[in-house]
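# Examining the three-dimensional arrangement
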Amino acid sequence: MKKTPFTDTHIALGAKMHEFAGYNMPIEYTGIIDEHQTVVNAVGVFDVSHMGEFWVKGPNALEFVQKVTTNDASQLEVGKIQYTCFPNEKGGIKDDLLLYRYEPEKYLMVVNAGNMAKDWEWCQEQNTVGAELEDASEHTALLAVQGPKAKDTLQKITDVNLSDIPYYTFVTGKIGGVDNVIISNTGYTGAGGFELYFYPEYGQKLWDAIFEAGAEFGIKPAGLGARDTLRLEMGFCLYGNDLDESTTPLEAGLGWITKFTHGNNFIAREVLEEQKAGGVSRKLCGFTLQDKGIPRHGYEIVNADGEIIGSVTSGTMSPTLKVGIGLGYLQPEYAKAGTEIYIKIRNRNLKAEVTKLPFRK
């Protein structure tokens, strides 16, 4: 298994480790619920160094980005970030990603760990415009410092005014004694905070500085388990569960990152325009269980007559709401908030209700 710069630290701290996307990653330390609540109420730190980072450079960088992603990157200013996705030739999602405009002719794509090799191969295949591509994944470490006390923690170790970095923007600066850190107001938790990109050799120095600064706020390391419950409470999609090569952004409720603007000629644009005009045959929805139970990926969703109307893509017991919540694809006529549906769990049909996202307000 591959290691991140923090793998030995996780093990020394007693984390439960498990393979994820080829990396030895921490699943939990003090427990998923404790880590979840720490992030919601104070500040937690996630090692997400397993994510992939690709640089796109040169005079043809924008042309390449516009070809391979669905959002309109021509609208992206330097210092701003876009959520977007790679469509395949049939309009399915190869991956969802963050796109950073670092300089006028330089972009950073941050892709999912499990799709890194596939995405890199795809980008090289599609680079018919002569953009300069660089896979910097092995030379980039990433920590997500998340929660309402994240800003107070990080402000103690940087002269950069973090209040001047709005949501989905970034600056490059010095933090925790480490230079050239991309300080990004993003995260996957819905609890606020920052993601820090830096060279791996400075990892331990930055980790120590962050934990020293956050001690007064009860800072804790958090694992992938809490990361999953936090993102699910916000209704954020997880690739491999809620998104894959067979789901389109329109079916997944990601029409807002699919821009049919003039000149935005991304791969499979015509396919997705056709789907938009004709309507989708399924929609990704949130639901809350009314009966006691925990929904899981792959469980069938049925109507009152027991007819299959969809399937669960993600599910958990919500640490905040203390009820079962989930995401799933449903036939459009059942997709309205408040609609009664049933989740089939161990041959029992448990009552649930379609819920407007996010679950955690």
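Just above sits the structure.
Attention in this report is confined to the structure presented alongside it. Throughout, a residue's number is its position along its own chain's written sequence, starting from 1. Where totals are concerned, whole chains, interfaces and linings use all residues; where local detail is concerned, this predicted model gives features only for residues with pLDDT of at least 70, and gives and counts side-chain atom pairs only at 80 or more. Note: side-chain values were computed over all heavy atoms of the structure, leaving out hydrogens and water.

Structurally, the position occupied by phenylalanine 211 is in helix α6 (residues 203-214). With a 1.4 Å probe rolled over the protein chains alone, any residue whose accessible area is under 20% of its type maximum counts as buried; one over 50% counts as exposed, and the rest are partly exposed. By relative accessible area, which is 18% here, phenylalanine 211 ends up buried. It is 8.7 Å that separates the C-alpha atoms of phenylalanine 211 and proline 221, two residues lying 10 residues apart in sequence. Should any heavy atoms of two residues lie within 4.5 Å, those residues are counted as being in contact. Discounting chain neighbours no more than four positions away, the residues touching phenylalanine 211 are Val45, Ile219, Lys220 and Pro221. Only DSSP runs of H or I with at least four residues qualify as helices, and only runs of E with at least two residues qualify as strands; both kinds are numbered from the N terminus onward.

Ring pairs are drawn from Phe, Tyr and Trp, using the six-membered ring of Trp, whenever the two centres fall within 6.5 Å, and their geometry is named by plane angle: stacked under 30 degrees, edge-to-face over 60, tilted for the rest. In this structure the tally under the stated criterion is 12 aromatic pairs. Between phenylalanine 6 and phenylalanine 198 the ring centres are 6.3 Å apart and the planes differ by 70°, which places this aromatic pair in the edge-to-face class. Taken as a pair, phenylalanine 6 in the segment before α1 (7-12) and phenylalanine 198 in strand β12 (residues 193-198) lie far apart in primary sequence, 192 residues in all. On the basis of relative accessibility, which here comes to 0%, the residue phenylalanine 6 falls in the buried class.

Residue leucine 357 is joined to proline 358 through a cis peptide bond whose omega torsion reads 0°. For alanine 21, which is not a glycine, the phi torsion comes out positive at approximately 55°. For alanine 21, the location among the structural elements is in the loop between β1 (16-20) and β2 (23-28). Although it is not a glycine, tyrosine 168 adopts a positive phi angle of roughly 60°. Among the residues examined, tyrosine 168 registers a relative accessible area of 22% and is labelled partly exposed.

Moving on to the side chain of glutamate 195. Mapped onto the elements, glutamate 195 comes out in strand β12. Neither His nor the chain ends is counted toward charge; the positive residues are Lys and Arg and the negative residues Asp and Glu. Salt bridges are identified by distance alone: a Lys or Arg side-chain nitrogen within 4 Å of an Asp or Glu carboxyl oxygen. Despite its burial, glutamate 195 remains without a salt bridge, the nearest opposite charge being carried by arginine 227 at 4.7 Å. Whenever a nitrogen or oxygen atom comes within 3.5 Å of another N or O atom, the pair is scored as a polar contact, on the condition that within protein one atom can donate a hydrogen and the other can accept it, and that pairs from neighbouring residues in sequence are kept only if both atoms are in side chains. At a separation of 2.6 Å, a polar atom in the side chain of glutamate 195 contacts the side chain of threonine 186. Leaving out residues up to four positions away in the same chain, glutamate 195 has contacts with Leu98, Tyr100, Leu142, Leu143, Ala144, Gln146, Ile182, Ile183, Ser184, Thr186 and Gly187.

Moving on, we get to helix α7 (residues 224-233). The element α7 is extensively covered by neighbouring structure, given that 9 of its 10 residues are classed as buried. Among all positions of α7, only Leu224, Gly225, Ala226, Arg227, Thr229, Leu230, Arg231, Leu232 and Glu233 are buried. Packed against the buried residues of α7 are β1, β2, α2 (32-41), β3 (44-47), β16 (308-317) and β17 (324-330). Positioned one or two residues after α7, glycine 235 has a phi angle of 75°, which is positive.

This next bit is on the sheet that holds strand β18 (residues 340-345). Pairing between two strands is assigned when DSSP locates at least 2 bridges connecting them. Here we have 6 strands rolled up into a closed barrel, ordered β14-β17-β16-β15-β18-β19, and antiparallel in their pairing. The sheet shows a mean angle of 45° between the axes of neighbouring strands, taken without regard to direction. In the sheet, strand β14 (residues 283-289) pairs with strand β19 (residues 348-355) via 4 bridges, with the strands oriented antiparallel. In the strand pairing of β19, phenylalanine 287 is matched with valine 354. Lines fitted to C-alpha atoms define the axes, with helix axes restricted to the stretch in contact, and inter-axis angles between N-to-C directions lie between 0 and 180 degrees.

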